[in-house]
There are 2 protein chains.
Amino acid sequence: MSLQLAAHDGPRLCIDLGALEHNWQVVRGVCPGSRVGAVVKNDAYGLGVSNVVPQLWQWGCRDFWVATVDEALAVRACLPADARAAGLRILVLNGLAGLTAEDFAAHGLTPVLAGPHELAALTGYAARHDKRFPVALHLDTGLTRLGFGTAELAQLQSGSRLWDDAQVQLWVTHLGRFHDPEALQCQRQRERFVQWTAQLPRAERSVATSSSVFAGPGWHFEQVRVGSALFGVPIGAHAAELLQPVASLRAPVLRVADVSEGTEVGYAGSYVTGGPRRIATVAMGYGHGLPFSLVNCGHLILAGRPAPIVGGVAMGMVGLDVSGYAPGEIQPGMWAEVYGRQQPLQTLAAAAGVAANVVLALSAALAPHRRQCGAAETMEAA
Amino acid sequence: MSLQLAAHDGPRLCIDLGALEHNWQVVRGVCPGSRVGAVVKNDAYGLGVSNVVPQLWQWGCRDFWVATVDEALAVRACLPADARAAGLRILVLNGLAGLTAEDFAAHGLTPVLAGPHELAALTGYAARHDKRFPVALHLDTGLTRLGFGTAELAQLQSGSRLWDDAQVQLWVTHLGRFHDPEALQCQRQRERFVQWTAQLPRAERSVATSSSVFAGPGWHFEQVRVGSALFGVPIGAHAAELLQPVASLRAPVLRVADVSEGTEVGYAGSYVTGGPRRIATVAMGYGHGLPFSLVNCGHLILAGRPAPIVGGVAMGMVGLDVSGYAPGEIQPGMWAEVYGRQQPLQTLAAAAGVAANVVLALSAALAPHRRQCGAAETMEAA
């Protein structure tokens, strides 16, 4: 074992590929008539593109969605050389973002064009290459973030000279209330999307993400794209019952101390003991993605039971009140589950007042050690 | 230029080494009688050990403080092979954490022992190696996090058999109100530290960190250790006037859109326009360390002026209201300063209700591009 893995000095992330495959199949099962793409932006929500993309590819995933060109090249780098011939498509959500169509074409990437300002870069492509450049286009149906708005649709009509140079593969939109597809605003966005795309050149359409994919076939169109659902982060009630957690994070106890009444625990006196207490210090802090707002709230799991956080969250440590355990039960070197099978990610996130993906994306990306492991090991670890 | 750097699709961090050197000299200037060590845990607060440690070494820094063995090995790897002979000391704040004294000795690392449970690992060291093992020891004078408490001091007395095997180099404590050394609790911690160490084997002592180093010579003892101050994050009023920001972060505008009254901006309808507005979408989100709590509060700097955040913070994007700019003034591809010389890190952090180091440690670590640059470039960038 390496020196680093022998040390109990920082958090470790486990990635359960069995759960990832389960979630992939669950999503495929709810939208059998549609292609399912994997959203792997932000290094696959922190889990590591190299950990999940080759697996998803093996299970049949052919469409990968990222935000940036960096991320797209990272996806490309961990797939077979002949992947394009086998149907690989890498869709870049932030659009061309200053690059040329040729830059994208050279690497086999498809931009999701972010608005009319990106059209000029396509002009003359067909003349230069004797073929059209394949693109996806984002339509802004109500999120006000990226895409063509209602006033800009005229530029996309079938007669537009744009289509001399570009070939639309996919129309894309994104819901403002993505967590709640039943909301009236979402229904309106869908209506707009259907109405708009009916007037535009025919292509596949993509609306559904990790919540709306579970909201019935009316959302599925030809392509769905899911990140959170694959990674076991349920968005909405439907998803929670069906998905398995993919990521689990544990952190070691560094020290256990018995302290007397009136003792301050952690910075700035944010917690003062109301009597004799036993405090465990765990090597997990905001620098590892534990939310800074977990001051005297939330729990980590120690020896199978929730131990309350006391004091605040420092860069690399947090305190737990372990007075409720038997004397000697909690020892330095034991591992606390930050989230996983015993404490769902979303439980910790709710205590902190943030979205579950905030905890996942930060803590997974910042974990000093990430490795693949099975569900049994995941449970034993904590 | 690489494809990635040509694209305006994600945030970029600049590290101003001139400012780092300035801050290093400022700290050295306020405690001329003490050794100054650099705290470079968490990959140098996200700035990158390889970016800052070789420079600090060149300027005369010989003591580097980290939390974990991983981090210690990363520091060691970017310094000259003969650095130990030239006085290098790497202090590991989380202690042995399950490793042996031999593990630490093999790599020339000094553990800061975290409590009595770490003493057993030293037993027999002298017999095995015919010399004593050099250690630092943490004393818990009031933070209740790591170290030996008052009831555990007996094990550290001069007559203890511990000192057959170990040689104390440094006594260390950490203030609970580190940001406010004038607080009564800090004074009491210092009193305890002086009283305790007077009864223990003589060694250098270290209390002061980035705020207390500016609070007068009574705090300096033989060694101070600073992280935030070096990296230009002022902790306390004294520091703010003296330090220069080292990190600056900018993010590109992806799209600018004119929207009508009653338009929702961003997820969940957290912002609805009260009239016609122009909204810029910037490629900076919580997945890059922008605090999730910046919902309709805080600003980024665009074209030299603060542009208010509207709506919430998504994984990779945030919206700004740029209605106050001239038509056409804000264009996709422009860079917004997230923090830097125009907007101090601590201003953004305050708007979000978090400590400045939370923003620094997360956003610097997660920036897809980090590079060294001068102050002039830093300002021009935004």
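Residues numbered from 1 in each chain as written. Chains lettered and ligands numbered in written order. Predicted model: local features only at pLDDT ≥ 70, side-chain atom pairs only at ≥ 80, totals over all residues. Heavy atoms only, no water.

K.L.:
How would you summarise the overall build of chain A if you had to cite specific residues and measurements?
P.N.:
The helix and strand inventory of chain A stands at 13 helices and 16 strands. Each of the three principal axes of chain A carries a C-alpha extent, and together these read 80 × 45 × 35 Å. For chain A, the proportion of its 382 residues judged to be buried stands at 60%. When the accessible surface of chain A is totalled, it reaches about 13300 Å², and 51% of it is carbon and sulfur. (Helix = DSSP H or I, 4+ residues; strand = E, 2+ residues; numbered from the N terminus. Buried < 20%, exposed > 50% of the residue type's maximum accessible area, 1.4 Å probe, protein only. Areas by Shrake-Rupley, 256 points an atom, 1.4 Å probe, with all protein chains shown as cover.)

K.L.:
Any chance you could break down the UniProt feature "domain: Alanine racemase C-terminal" (unreviewed entry) in chain A for me, citing the residues and the numbers?
P.N.:
According to UniProt, the feature "domain: Alanine racemase C-terminal" (unreviewed entry) maps to residues 246–373 of chain A in the numbering used here. Between the end C-alpha atoms of residues 246–373 of chain A the distance is 10 Å, and the span holds 15% helix and 35% strand. (UniProt positions renumbered as here; feature names shortened; annotations may be inferred.)

K.L.:
If you had to explain the packing of aromatic side chains to someone new, which residues and values would you point to?
P.N.:
Residue and element names in this part refer to chain B. Per the counting criterion, the structure on display carries twelve aromatic pairs over all chains. Aromatic pair Tyr45 and Phe231: ring centres 5.1 Å apart, planes at 55 degrees, arrangement tilted. Taken as a pair, Tyr45 in helix α3 (residues 41–45) and Phe231 in the loop between β9 (223–226) and α10 (237–242) lie far apart in primary sequence, 186 residues in all. Per residue, the accessibility class of Tyr45 equals that of Phe231, and both read buried. (Phe/Tyr/Trp six-rings, centres within 6.5 Å; stacked < 30°, edge-to-face > 60°.)

K.L.:
Give a description of the pattern of salt bridges that names residues and reports values.
P.N.:
Applying the stated rule across the entire model yields 24 salt bridges over all chains. The salt bridge partner of Arg128 of chain A is Glu102 of chain A, with a shortest N-O separation of 2.7 Å. Highlighted residues: Arg128 of chain A in helix α7 (residues 125–129) and Glu102 of chain A in helix α6 (residues 101–106), separated in sequence by 26 residues. The exposure class assigned to Arg128 of chain A is partly exposed, which follows from its relative accessible area of 47%. Here Arg177 of chain A and Glu264 of chain B are joined by a salt bridge, their closest N and O atoms 2.7 Å apart. Of this pair, Arg177 of chain A sits in the loop between β7 (166–172) and α9 (184–198) while Glu264 of chain B is found in the loop between β10 (247–259) and β11 (277–282), placing the two residues in two different chains. Take Arg177 of chain A: its relative accessible area is 17%, and that puts it in the buried class. Residue Glu264 of chain B is classed as buried on the basis of its relative accessible area of 16%. One salt-bridge network, in which partners are shared between bridges, spans Arg35, Asp63, Arg89 and Glu204 of chain A. (Salt bridge = Lys/Arg side-chain N within 4 Å of Asp/Glu carboxyl O.)

K.L.:
Can you break down the domain arrangement of chain A residue by residue, with the values?
P.N.:
Residue and element names in this part refer to chain A. Examined at the domain level, chain A breaks down into domain 1 (17–235) and domain 2 (247–381). Averaged C-alpha coordinates put domain 1 and domain 2 at centres separated by 37 Å. With 14 residues of domain 1 at the interface, the matching set in domain 2 holds 13 residues. Across the interface of domain 1 and domain 2, roughly 1000 Å² is buried in total on both sides, 54% from carbon and sulfur atoms. It is Tyr45, Gly46 and Val233 in domain 1 that bury the most area against domain 2; as a group they hold 40% of the surface buried on that side. The tally of links from domain 1 across to domain 2 stands at one salt bridge. (Domains from an automatic or database assignment. Contact = heavy atoms within 4.5 Å. Buried area = accessible area lost by both parts, 1.4 Å probe.)

K.L.:
Can you tell me about helix α2 (residues 17–30) of chain A, naming the residues and giving the values?
P.N.:
Residue and element names in this part refer to chain A. The end-to-end C-alpha separation of α2 is 20 Å, in line with the 20 Å expected for 14 residues at 1.5 Å each. For α2, the set of buried residues is Leu17, Ala19, Leu20, Asn23, Trp24, Val26 and Val27. Of the surrounding secondary structure, the elements contacted by the buried residues of α2 are β1 (12–15), β2 (35–39), α4 (49–58), β9 (223–226), α10 (237–242) and β16 (369–372). With a side-chain oxygen positioned 2.9 Å from the backbone nitrogen of Gly18, the residue opening α2 is Asp16. (Expected span 1.5 Å × (residues − 1). Polar contact = N/O pair within 3.5 Å; in protein donor to acceptor, adjacent residues only side chain to side chain.)

K.L.:
For helix α5 (residues 69–77) of chain A, give the residues involved together with the corresponding values.
P.N.:
With seven of nine residues buried, α5 of chain A is to be regarded as a mostly interior element. Regarding α5 of chain A, the residues found buried are Val69, Asp70, Glu71, Ala72, Leu73, Val75 and Arg76 of chain A.

K.L.:
Give me the side chain of Thr141 of chain A: which residues, what numbers.
P.N.:
Looking at the element boundaries, Thr141 of chain A is found in the loop between β6 (133–138) and α8 (162–165). Apart from the residues within four sequence positions on either side, Thr141 of chain A is in contact with Thr173, His174, Gln189, Arg192, Phe193 and Trp196 of chain A.

K.L.:
Tell me about the environment of His288 of chain B, residues and numbers included.
P.N.:
Here His288 of chain B shows up in the loop between β11 and β12 (299–302). Note on His288 of chain B: relative accessible area 9%, which makes it buried. Non-local contacts of His288 of chain B, meaning those with residues more than four positions away in its chain, are made with Asn42 of chain A together with Pro11, Ala283, Met315, Gly316, Leu362, Ser363 and Leu366 of chain B.

K.L.:
Can you lay out the relation of the copies chain B and chain A for me, pointing to particular residues and giving the numbers?
P.N.:
Superposition record for chain B on chain A: RMSD 0.0 Å, screw rotation 180 degrees, translation along axis 0.0 Å. In short, the pair behaves as if placed about a two-fold rotation axis. The overlap is high: 100% of the interface residues of chain B also sit at the interface in chain A, so the same surface is used on both sides. (Least-squares fit on C-alpha atoms with pLDDT ≥ 70 in both.)

K.L.:
So what's going on with the interface of chain B and chain A? Residues and values would help.
P.N.:
Taken together, the 68 residues of chain B in the interface contact 69 residues of chain A. Note on chain B versus chain A: buried area summed over both sides is about 5800 Å², and carbon and sulfur give 62% of it. If you look at where chain B meets chain A, you find four salt bridges. At the junction of chain B and chain A, the tally comes to 30 residue pairs in polar contact (both at pLDDT 80 or more). Of all elements in the fold, only α1 (3–6), α3, α5 (69–77), β10, β11 and α12 (356–366) of chain B reach the threshold of two or more residues within the side of chain B that touches chain A. In terms of residues, the side of chain B that touches chain A owes the most to one element, α12 of chain B, which gives six residues. Considered class by class, the residues forming the side of chain B that touches chain A number 34 nonpolar, 25 polar and nine charged. (Nonpolar A, V, L, I, M, F, W, Y, C, P; charged D, E, K, R; others polar.)

K.L.:
Kindly report on the pairing of strand β4 (residues 89–92) of chain B, identifying the contributing residues and their values.
P.N.:
Residue and element names in this part refer to chain B. On β4, burial covers both faces: Arg89 and Leu91 on one face and Ile90 and Val92 on the other are all buried. Relative to β4, strand β3 (residues 63–66) is paired through four bridges, and the arrangement is parallel. Its bridge partner lying in β4, Trp65 is registered against Leu91. As judged from the three bridges shared by β4 and strand β5 (residues 109–113), these two strands associate in the parallel manner. (Pairing = 2+ DSSP bridges.)

K.L.:
Can you tell me about the confidence of the model for chain A, naming the residues and giving the values?
P.N.:
In this model, chain A carries a mean pLDDT of 95, and residues with pLDDT of at least 70 account for 98%. In the predicted structure, residues 378–382 of chain A sits below a pLDDT of 50 and forms twelve contacts with residues beyond four places in sequence or in another chain. (pLDDT = per-residue confidence, 0-100.)

K.L.:
Could you give me a rundown of unusual backbone geometry, with the residues and numbers involved?
P.N.:
The backbone phi angle of Ala268 of chain A is positive, close to 65 degrees, even though this residue is not glycine. Among the residues examined, Ala268 of chain A registers a relative accessible area of 38% and is labelled partly exposed.

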